[in-house]
Amino acid sequence: LREGGTLLYSPDIVVPMWSTDNIHFVYDGLFLGAVDSLPTSIGDGGFLGWVDTNHYLYRVEGMFAMGAVGGEPRTFSVTVPGSAIGGGASSFTFIFVNR
């Protein structure tokens, strides 16, 4: 908008989930968008939330994935049933331990 232009991503977007950098966002259907580029698909699954300005979590068929803006996602298995995270990232806390 600083340059007077707009870009329609999808008429069906309810609420995009913005990163704290205020540049990137994820919206339904698992698309990663940015204020200065076209959206790209980041896969199938359910978006869970942003970890930091460049990393986000989503659920994929019994696994979690951590995506990175401009990078490849990493998947890892979890022992949390899907019903426990039905409310999204705000319904529980992520704790990452560096091993």
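Quantities reported herein were computed from a predicted structural model and do not represent experimental measurements.

Engineer: For the packing of aromatic side chains, give the residues involved together with the corresponding values.
Structural biologist: What describes a pair of aromatic rings is the distance from one ring centre to the other and the angle between the planes of the rings. Here the structure, examined in full by the defined rule, presents eight aromatic pairs. With a centroid separation of 5.4 Å and 75° between ring planes, the pair formed by Trp-50 and Tyr-56 is classed as edge-to-face. On the accessibility criterion, Trp-50 (19% relative accessible area) is buried. When the centroid spacing of 6.0 Å and the interplanar angle of 85° are considered together, the rings of Phe-64 and Phe-76 count as edge-to-face.

Engineer: Quick one: what's the story with the confidence of the model for the protein chain, residue by residue and with numbers?
Structural biologist: Of the residues in the protein chain, 65% reach a pLDDT of 70 or more, and the chain-wide mean stands at 76. Strand 8 (residues 74-77) is the least confidently modelled element of the protein chain, averaging 82 in pLDDT, while strand 1 (residues 17-18) averages 90, the highest of any element.

Engineer: Pulling in residues and values, what's your account of the sheet that holds strand 1?
Structural biologist: Backbone hydrogen bonds hold the strands of a sheet together, and the pairing may be parallel or antiparallel. The four strands are arranged 1-2-3-4 in an open sheet whose pairing can be described as antiparallel. The two strands at the open ends of the sheet, each matched to only one other strand, are strand 1 and strand 4 (37-41). Bridge count for strand 2 (residues 24-27) against strand 3 (residues 31-34) is four bridges, and the pairing is antiparallel. What sits directly across from Tyr-27, in strand 3, is Phe-31.

Engineer: Summarise the environment of Trp-50; cite the residues concerned and give the values.
Structural biologist: Secondary-structure assignment places Trp-50 in strand 5 (residues 46-50). Along the backbone, Trp-50 and Met-17 are 33 residues apart, and their C-alpha atoms lie at a distance of 8.0 Å. Excluding residues that lie within four positions of it along the chain, Trp-50 makes contacts with Met-17, Trp-18, Ser-19, His-24, Phe-25, Val-26, Leu-32, His-55, Tyr-56 and Val-69. Within the structure, the side chain of Trp-50 is placed 2.8 Å from the backbone oxygen of Met-17, a separation counted as a polar contact.

Engineer: Can you lay out the pairing of strand 4 for me, pointing to particular residues and giving the numbers?
Structural biologist: Pairing between strand 3 and strand 4: three bridges, direction antiparallel. For Leu-32, the partnering residue across the bridge sits in strand 4 and is Thr-40. Linking two consecutive strands that pair antiparallel, namely strand 3 and strand 4, is a turn of two residues.

Engineer: Could you give an account of the nonpolar core, naming the residues involved and the relevant values?
Structural biologist: Of all hydrophobic cores here, the largest spans eight residues; its members are Val-26, Leu-30, Leu-32, Ile-42, Trp-50, Tyr-56, Tyr-58 and Ala-65. Leaving out residues up to four positions away in the same chain, Tyr-56 has contacts with Leu-32, Ile-42, Phe-47, Gly-49, Trp-50, Val-51, Ala-65, Met-66, Gly-67, Ala-68 and Val-69.

Engineer: Can you explain the environment of Phe-64? Please cite residues and give values.
Structural biologist: Along the chain, the position of Phe-64 falls in strand 7 (residues 63-68). With relative accessibility at 6%, the residue Phe-64 sits in the buried group.

Cut-offs applied
- Each chain carries its own residue numbering, running from 1 in the written order of its sequence.
- In keeping with the predicted nature of the model, local features appear solely for residues at pLDDT of at least 70, side-chain atom pairs appear and are counted solely at 80 or more, and the whole-chain, interface and lining totals rest on all residues.
- By convention in this description, side-chain values take in all heavy atoms of the structure and omit both hydrogens and water.
- Two rings from Phe, Tyr or Trp (for Trp, the six-membered ring) form a pair when their centres sit within 6.5 Å of each other. Planes less than 30 degrees apart are called stacked, planes more than 60 degrees apart edge-to-face, and all others tilted.
- Burial here depends on accessible area, computed with a 1.4 Å probe over protein chains only, as a share of the maximum for the residue type. Under 20% is buried, over 50% is exposed, and the range in between is partly exposed.
- pLDDT: the predictor's confidence for each residue, scored from 0 to 100.
- Only runs of H or I of at least four residues qualify as helices and only runs of E of at least two qualify as strands under DSSP, and these elements are numbered from the N terminus.
- Any two strands between which DSSP finds at least two bridges are classified as paired.
- Here a residue-residue contact requires only that any non-hydrogen atoms of the pair lie within 4.5 Å.
- The term polar contact refers here to a pair of N or O atoms within 3.5 Å; inside protein, the definition further demands a hydrogen-donor-capable atom paired with an acceptor-capable atom, and it admits residues adjacent in sequence only when both atoms are side-chain atoms.
- Definition used in this section: a nonpolar core is a set of buried Ala, Val, Leu, Ile, Met, Phe, Trp, Tyr and Cys residues joined via side-chain atoms within 4.5 Å.

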